[in-house]
Structure formats: C-alpha cells, structure tokens
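A look at the structure
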Amino acid sequence: MGKHWGDFQYEIYLNGMTGAVPRLPTDLTRLEALVERRLGPGPVGYVAGSAGNGSTALANRAALDRRRIVPRMLRDVHERDLSAEVLGRALPAPLALAPVGVLSIMHPDAECAAARAAAAQGVPYILSSASSTPMEQVAEAMGDAERWFQLYWAKDREVTRSFLDRAKASGFGVLVVTLDTPLLAWRPRDLDQAYLPFLHGVGTANYFTDPAFLAGLAKPVHEDLNAAVLRFVGMFADPGKTWPDLAFLRRHWDGPIVLKGVLHPDDALLAAEAGMDGVVVSNHGGRQVAGSVAAADALPRVARAVGDRLTVLFDSGVRTGDDVFKALALGARAVLLGRPYVYGLGLDGQAGVEHVIRCLLAEFDLTLALSGHATPATVTASDLEESPA
Ligand SMILES: Cc1cc2nc3c(=O)[nH]c(=O)nc-3n(C[C@H](O)[C@H](O)[C@H](O)COP(=O)(O)O)c2cc1C
Ligand SMILES: CC(C)CC(=O)C(=O)O
C-alpha cells in the first residue's frame with residue numbers, strides 16, 4: 001500500500017502546536033510574492049514572467065479553474081495508493097519536476113538542491129539543458145534516483161550528440177525534447193528589466209563544459225565570455241528543424257523520448273509516427289506563444305487523438321492538488337510542476353522544494369480521497385464538469 005501523502009497535514013499541525021510554525025506557506029500560490037521580496041524583481045520577474053501581455057498564463061489558470069470536480073461518496077478510500085506507472089517507471093505519484101533552467105538565480109545550490117529534493121521524495125527530476133550546473137554534477141548529487149534530461153535541440157549536431165552521450169553516461173533515463181522554444185519569445189517583463197541571465201553566461205554550464213561546444217570557440221570561455229555567450233545564443237535552439245529530423249534523436253537515444261510543448265492533436269499523431277514514446281501537453285507555462293490555447297484545453301483533444309499510442313503528460317499552470325486531479329481527468333498520465341518548486345528553492349533551497357512537493361501531493365491525496373478515489377488510475381473525465389464561462 002502506498003504512503004498516505006495527506007498525513008503531512010498532521011505533521012504541520014503538530015509542529016505548529018509545539019511552536020515550530022511551518023517555514024513556508026502551504027498555499028503554494030503565496031510563494032511568488034514572498035520570494036520576490038527576498039530576491040528582487042529581476043530574477044523573480046524572469047521566473048514569473050510570460051510571453052506578451054501574459055494572456056496565455058492567465059488562460060492556463062482559467063482553463064483549470066473552469067473545470068470543477070464532482071466528488072463521489074461512500075467509495076472506500078481508507079487505503080490509498082498514489083503510485084503511477086509512467087514510461088515503464090513506477091513513480092510514487094503522478095508527478096515530476098519540470099525542466100527549469102538557470103536555477104542559480106534562485107539559490108546558490110541551484111539544480112543540485114532541486115534534484116536532491118526530488119530524489120528525497122522519489123519524484124523524477126527533469127534537468128534542463130540550460131541548467132546552471134553541469135549535468136554530471138547534478139547526476140552525482142542524485143545518487144541512483146530517477147532523472148530525465150531535457151534537450152534543447154541545438155543547431156550544432158555534434159553538440160546535440162555530445163549532450164545525448166553525456167546524459168546517457170550520467171544515468172538520465174528519459175529524454176524530454178522541448179519543441180516550443182526554437183526562438184525566445186517576446187517577454188516584456190524581462191525586456192523592461194533588461195534581464196536575461198544567459199547574456200551573463202548563466203544557464204550555460206552544460207555548453208561551457210562540452211567538448212563539442214568548446215571546439216567551436218577560438219579562445220577558452222574565461223578569456224572571451226562574450227564570444228562563448230554569442231555561440232550559445234546562436235546555436236542552443238534551431239528554428240529550422242522539422243519532423244523528419246526526429247529520426248536523428250531516435251537513432252541516438254535508446255530510452256523513451258518525450259516531446260514537450262505539443263498542443264495540436266495532429267502534432268501528437270506526428271510524434272507517434274516518428275516513434276516517440278510520449279508528449280508533454282504544455283505551452284511552456286505561457287512563456288512562448290502569447291494568445292496560445294490554454295494547455296488544459298488542449299489536453300483532452302491530444303489525449304483523445306493518441307489513445308494508448310503515447311504517454312501523455314501535462315504542465316502549465318499546475319498550482320494545487322486539485323489541478324493535478326483535473327489534469328488526470330482530462331487525460332494526462334502525470335503532471336510536471338514548474339514555477340512553484342522554483343519559488344520553494346528560492347525561499348529555502350532543498351527544504352523549500354521538498355516542502356512544495358509534499359504540500360502538492362498531500363493536497364492531491366486528500367482531493368483524490370474526498371472525491372471518491374483510492375488511486376489516480378480510476379479518475380476519468382466523468383469526475384469533472386465544466387462550469388459556464
Ligand atoms: C524560469 C523558467 C525556466 C524554464 N526553463 C525551461 C527549460 O530550460 N527547458 C524547458 O523545456 N522548459 C523550461 N521552462 C518551462 C517549464 O518546463 C514548464 O513547461 C513550465 O514552467 C510549466 O508551467 P508552470 O510554471 O505554470 O508550472 C521554464 C520555465 C520557467 C518558469
Ligand atoms: C529560453 C530557455 C533557454 C529557457 C527557458 O526555457 C525559459 O526561460 O522559458
């Protein structure tokens with residue numbers, strides 16, 4: 001029988017009664033304001049910000065809020081098990097930490113702290129290509145815990161091949177290929193603060209330690225940081241890629257490959273035809289296409305189109321346990337969590353990330369039980385109704 005994540009609430013009450021108040025709020029939507037007070041508008045603006053006027057990020061929330069759970073009663077939820085099989089892996093809950101780059105802007109222990117937190121809670125950690133710590137170091141911090149690697153598919157084939165080799169050698173088992181960022185979107189909050197970490201060489205650690213990347217530089221990085229940054233900016237993604245190019249990745253990666261940033265059902269079908277194993281229905285947390293369809297609106301259409309052919313994952317806007325429940329009901333096998341864990345990291349390092357994971361899963365466990373389910377597998381579309389707009 002699985003662990004009852006919801007029991008975390010009693011730990012918090014008991015700690016509070018003995019005078020040890022919880023270090024961070026349990027409503028995860030309160031973290032952003034706290035971390036902004038601590039770290040200032042530049043870094044937090046970068047994390048919190050989105051594309052254009054923010055309409056996609058708002059739509060992500062609205063699409064989840066519009067759907068309401070219709071709880072069922074008297075269904076024996078005494079013993080519950082949140083575990084889920086995802087891409088052949090037995091996970092303790094249908095959750096992974098989304099790939100988020102440049103975490104050193106939030107905390108000096110950056111990706112290592114987030115990865116350790118994920119490992120401690122048994123949740124897969126998806127390391128970004130644009131991490132501020134080289135992948136080998138993050139892997140070492142994780143022991144043998146479940147880790148996935150997110151690829152920004154570089155223009156330079158040798159760099160891509162080298163990243164795949166390094167990720168494989170470092171024990172990353174699943175490759176998550178992000179498709180929605182062939183260019184950086186128009187992001188007014190960062191433009192107005194003139195804040196883009198990459199231009200200072202932050203989030204480039206995997207590149208600046210990569211033999212294939214370094215081979216394209218005339219001078220070592222420490223002698224000409226500008227040239228190294230320009231090479232990174234010019235090659236980290238490739239707007240020229242098309243569907244047939246996926247064959248290269250399929251040839252060079254033995255494990256599961258998941259395409260992140262799929263919103264159209266036809267693209268999900270193309271992913272299946274290209275021999276991919278899954279998709280993440282995501283609009284990058286509203287950071288790429290302003291005016292885009294909300295991820296939760298796209299999810300049921302994609303899930304219906306692919307049926308059992310692909311594993312369907314979901315992110316963009318998940319903030320609560322009931323959001324996780326709704327994503328499963330809309331057809332996701334599991335969800336990825338983005339900004340909330342990054343705020344937890346900014347507020348309290350590894351402990352802050354663990355707090356966020358535990359709060360989210362406690363709330364999910366309780367929502368599941370109070371809605372009449374003892375396991376995520378029984379949640380279906382009939383558990384939701386759409387409230388009128
Ligand atoms: C600061 C920041 C950096 C991100 N960096 C990456 C990245 O390097 N690779 C990637 O695939 N997605 C990246 N994402 C997108 C997340 O993986 C995820 O899709 C998004 O945060 C989910 O939405 P949420 O923040 O509303 O949960 C980033 C998101 C944020 C907020
Ligand atoms: C542009 C990337 C390098 C980082 C990212 O994915 C993001 O900021 O959303």
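Provided above is the structure to which this section pertains.
Residues numbered from 1 in each chain as written. Chains lettered and ligands numbered in written order. Predicted model: local features only at pLDDT ≥ 70, side-chain atom pairs only at ≥ 80, totals over all residues. Heavy atoms only, no water.

What to know about the site of ligand 1
The condition that has to hold: Put simply, a residue is near a molecule or strand once any heavy atom of it comes within 4 Å of that molecule or strand. Distance and chemistry together define a polar contact, namely a pair of N or O atoms within 3.5 Å, with one atom able to donate a hydrogen and the other to accept it when in protein, and with adjacent residues in sequence counting only for side-chain atoms on both sides. Throughout, the Shrake-Rupley method with a 1.4 Å probe supplies accessible areas, and for residues the shown protein chains are the sole cover considered. Any residue that is not Ala, Val, Leu, Ile, Met, Phe, Trp, Tyr, Cys, Pro, Asp, Glu, Lys or Arg is counted as polar, Gly included; the first ten are nonpolar and the last four charged.
As a matter of local geometry, ligand 1 sits amid 21 residues, with Pro99, Ser128, Thr178, Asp315 and Arg319 nearest to it. Gly317 places a main-chain nitrogen or oxygen 2.9 Å from an oxygen atom of ligand 1. Here Arg319 contributes a side-chain N or O atom positioned 2.8 Å from an oxygen atom of ligand 1. Here ligand 1, which alone exposes 600 Å², has 98% of that area covered by the protein. Residue classes in the shell around ligand 1 are distributed as 6 nonpolar, 10 polar and 5 charged.

Things to note about unusual backbone geometry
Short version of the rule: Numbering of helices and strands runs from the N terminus, with a helix taken as a DSSP run of H or I at least four residues long and a strand as a DSSP run of E at least two residues long.
One non-glycine residue with positive phi stands out, namely Leu74, at about 50 degrees. Structurally, Leu74 can be placed in the loop between strand S1 (67–69) and strand S2 (84–86). In the Ramachandran plot, Ala194 falls in the positive-phi region, its phi being about 45 degrees despite a non-glycine side chain. Tracing the backbone shows Ala194 in the loop between helix H8 (188–193) and helix H9 (205–208).

A closer look at the packing of aromatic side chains
Note the threshold: Stacked, tilted and edge-to-face pairs are distinguished by plane angle, under 30 degrees for stacked and over 60 for edge-to-face with tilted covering the rest, among Phe, Tyr and Trp rings (Trp via its six-membered ring) whose centres lie within 6.5 Å.
Here the structure, examined in full by the defined rule, presents 12 aromatic pairs. Each ring, one from Tyr46 and one from Tyr195, has its centre 6.4 Å from the other, and the planes form 50 degrees; the classification is tilted. With Tyr46 in helix H3 (residues 41–48) and Tyr195 in the loop between H8 and H9, this residue pair connects regions lying 149 residues apart in the sequence. Taken together, a centroid distance of 4.8 Å and an interplanar angle of 75 degrees make the contact between Tyr207 and Phe232 edge-to-face. Highlighted residues: Tyr207 in helix H9 and Phe232 in helix H11 (residues 225–235), separated in sequence by 25 residues.

Here we look at a nonpolar patch on the surface
Quick note on the threshold: Two distance rules govern patches: like charges are joined within 9 Å, and nonpolar side chains (Val, Leu, Ile, Met, Phe, Trp, Tyr) within 5 Å, applied only to residues with over 30% relative accessible area and no salt bridge. We define a salt bridge as a side-chain nitrogen of Lys or Arg found within 4 Å of a carboxyl oxygen belonging to Asp or Glu. Only protein chains enter the calculation, and the probe is 1.4 Å; a residue is then buried if its accessible area is under 20% of its type maximum, exposed if over 50%, and partly exposed in between.
On the surface, a cluster of nonpolar side chains totalling about 530 Å² of accessible area is made up of Tyr10, Tyr13, Leu14 and Met17. On the secondary structure map, Met17 appears in helix H1 (residues 8–17). Here Met17 falls in the exposed class, since its relative accessible area comes to 68%.

Describing the site of ligand 2
Within the structure, ligand 2 sits among Tyr46, Ala130, Tyr152, Thr181, Leu184, Arg187, Phe198, Phe236, His284 and Arg287. Contacts to ligand 2 include Arg187, whose side-chain N or O atom sits 2.8 Å from an oxygen atom. Within the side chain of Arg287, a nitrogen or oxygen atom sits 2.8 Å from an oxygen atom of ligand 2. Each residue belonging to the shell around ligand 2 can be placed in one class, and the counts come to 6 nonpolar, 2 polar and 2 charged.

Here's the deal with helix H7 (residues 157–169)
Test applied: Given a helix with a known number of residues, its expected span is that number minus one, times 1.5 Å.
Look at H7: 18 Å from first C-alpha to last across 13 residues, which is about the 18 Å you get at 1.5 Å a residue. All buried positions along H7 are accounted for by Val159, Thr160, Ser162, Phe163, Leu164, Arg166 and Ala167. The backbone nitrogen of Glu158 has a side-chain oxygen 2.9 Å away, supplied by the residue at the start of H7, namely Asp156. Just beyond H7, the residue with positive phi is Gly171, at close to 85 degrees.

Considerations on the pattern of salt bridges
Two side chains that carry opposite charge are able to pair once their charged atoms sit near each other. With the rule as written, the count across this model stands at 17 salt bridges. Of the charged contacts in the structure, one is a salt bridge between Arg66 and Asp297, with a shortest N-O distance of 2.7 Å. Here Arg66 is found in helix H4 (residues 55–66), whereas its partner Asp297 is found in helix H14 (residues 295–306), with 231 residues between them in sequence. Under the relative-accessibility criterion, Asp297 is labelled buried at 16%. Arg80 is the partner of Asp365 in a salt bridge, and the nearest nitrogen-oxygen pair spans 2.6 Å. Of this pair, Asp365 sits in helix H16 (residues 339–370) while Arg80 sits in the loop between S1 and S2; the two residues are 285 residues apart in sequence, bridging distant segments of the chain. Note on accessibility: Asp365 and Arg80 belong to one class, buried. A cluster of three or more residues bridged by salt bridges with shared partners is formed by Arg66, Arg67, Asp297 and Glu386.

A look at the pairing of strand S8 (residues 257–262)
Looking down a regular strand, the side chains alternate between one sheet face and the other. Rules: One requirement defines pairing of two strands: DSSP has to find at least two bridges between them. Clockwise travel from the first strand over the helix to the second, with the strands pointing away from the viewer, marks a crossover as right-handed.
In terms of burial, S8 is largely enclosed, as 6 of its 6 residues are buried. Pairing between strand S7 (residues 174–178) and S8: 4 bridges, direction parallel. Counterpart to Val177 in the pairing with S8 is Leu259. Relative to strand S9 (residues 278–281), S8 is paired through 4 bridges, and the arrangement is parallel. Paired with Val258 across the bridge in S9 is Gly278. On the question of chirality, the crossover connecting S8 to the parallel S9 by way of helix H13 (residues 265–273) is right-handed.

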